[in-house]
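Descriptive analysis of the structure
So you can see what is in the structure, the chains are spelled out below.
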Amino acid sequence: MERPGNDQYFMDMAKLVSTRSTCTRRHVGAVIVKDKRVLSTGYNGSPKGTKHCEELGCIREQMNIPSGTRHELCRGVHAEQNAVTQAAYFGVSVNGATIYTTTYPCSMCAKILINAGIREIVYDEGYVDDLSKSLLDETDILIRRYPPQE
C-alpha cells in the first residue's frame with residue numbers, strides 16, 4: 001500500500017468525519033490542520049444537546065429552500081463552524097491553519113474562516129454560493145480543490 005500524501009491523508013480524515021453528520025441532506029466533514037497536525041474536526045449537525053434533523057426532519061426540505069440559499073433557516077451547525085468552535089472550546093488557536101473540508105464553504109462559513117485566521121482552504125466538492133466566492137476572493141486565503149480538477 002502506498003503512503004498517502006498530506007492532502008489525501010487529511011481529506012480522507014474529513015470524509016471520515018463527515019460520516020458522523022446527522023443532516024438528512026448533505027454530510028460534510030472538516031479537519032483543521034497546522035504544521036501537519038490535526039487541531040480540530042467538525043461535521044454538520046444540530047447543536048450539542050438538541051434533537052437531530054434525523055429525528056425531526058429537515059426544515060429546509062419542509063420549506064422547499066434551495067441549496068445554497070437562506071443558510072440561517074437550518075437547525076444544523078456547519079462542519080467548518082463546528083471545527084472552529086471545537087478548537088475555541090478547547091483553547092486551540094486556528095490562526096494560520098489549513099482547513100480540509102468535503103464541500104466548498106458557504107458564505108456563513110467563509111466569514112468565520114476569514115475571521116478565525118485560516119490561511120488555506122482545501123475542498124473536495126463544489127458548492128453554489130456566489131457570496132462565499134466573492135468574500136474569499138477579497139482575501140489572501142489560498143483555496144485549492146482536492147483532488148485537482150483536470
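The preceding data block contains the structure.
Along each chain, residue indices are assigned from 1 in the same order as the chain's sequence is written. Residues qualify for local features only when their pLDDT is at least 70, as the model is predicted, and side-chain atom pairs are given and counted only at 80 or more; totals for whole chains, interfaces and linings, by contrast, use all residues. Here the side-chain values reflect all heavy atoms present in the structure, with hydrogen atoms and water set aside.

1. A word on the overall build of the protein chain
- Along the backbone of the protein chain there are 6 helices and 5 strands.
- Going along the chain from the N terminus, every DSSP run of H or I of four or more residues is numbered as a helix, and every run of E of two or more is numbered as a strand. Shown N-terminal to C-terminal, the secondary structure of the protein chain runs as helices and strands in the order α-β-β-α-α-α-β-α-β-α-β.
- C-alpha atoms define the radius of gyration, and 2.2 Å times the number of residues to the power 0.38 defines the globule rule. Against the compact-globule benchmark of 15 Å for 150 residues, the protein chain has a radius of gyration of 15 Å, which places it among compact chains.
- For each residue, the accessible area found with a 1.4 Å probe, counting protein chains only, is set against the maximum for its type, and the residue is called buried under 20%, exposed over 50%, and partly exposed in between. A buried classification covers 41% of the 150 residues belonging to the protein chain.
- Any two residues whose heavy atoms approach within 4.5 Å are treated as being in contact. By sequence separation, contacts in the protein chain at least 24 residues apart represent 55% of the contacts at least 6 residues apart.
- Methods summary: accessible areas were calculated by the Shrake-Rupley approach with a probe of 1.4 Å, and residue burial reflects only the protein chains presented. About 8,800 Å² of surface is accessible on the protein chain, with carbon and sulfur atoms providing 50% of the total.
- For the protein chain, the centre of its 18 positive side-chain charges and the centre of its 18 negative side-chain charges are spaced 6 Å apart. Charge counting follows a simple rule: Lys and Arg are positive, Asp and Glu are negative, and His as well as the terminal groups are ignored. Each charge is placed at NZ for Lys, CZ for Arg, CG for Asp and CD for Glu.

2. Re the packing of aromatic side chains
- Stacked, edge-to-face and tilted labels apply to pairs of Phe, Tyr and Trp rings (six-membered ring for Trp) whose centres lie within 6.5 Å, assigned for plane angles under 30 degrees, over 60, and everything in between, in that order. Scanning all chains against the criterion turns up 4 aromatic pairs.
- Look at Tyr-104 and Tyr-123: their rings are 4.9 Å apart centre to centre, the planes differ by 90°, and that puts the pair in the edge-to-face class. You can see Tyr-104 sitting in the loop between β3 (98–103) and α5 (107–116) and its partner Tyr-123 sitting in strand β4 (residues 120–125), a full 19 residues away along the chain. Accessibility classification places Tyr-104 together with Tyr-123 in one group, the buried group.
- Taken together through their ring pairs, the aromatic side chains of Tyr-9, Phe-10 and Tyr-100 make up a single cluster.

3. Details of α5
- For α5, the set of buried residues is Ser-107, Cys-109, Ala-110, Leu-113 and Ala-116.
- Those residues of α5 that are buried are in contact with α4 (79–89), β3, β4 and α6 (130–137).
- Immediately beyond the C-terminal end of α5, within one or two residues, lies Gly-117, with a positive phi of roughly 90°.

4. Let's talk about unusual backbone geometry
- Cis geometry marks the peptide bond from Tyr-146 to Pro-147, where omega comes out at -5°.
- Mapped onto the fold, Pro-147 is located in the segment after β5 (142–145).
- Although it is not a glycine, Asp-35 adopts a positive phi angle of roughly 55°.
- Looking at the element boundaries, Asp-35 is found in the loop between β1 (29–34) and β2 (37–43).
- The exposure class of Asp-35 is exposed, given its relative accessible area of 60%.
- Located in the positive-phi region is Asn-64, a residue other than glycine, with phi close to 55°.

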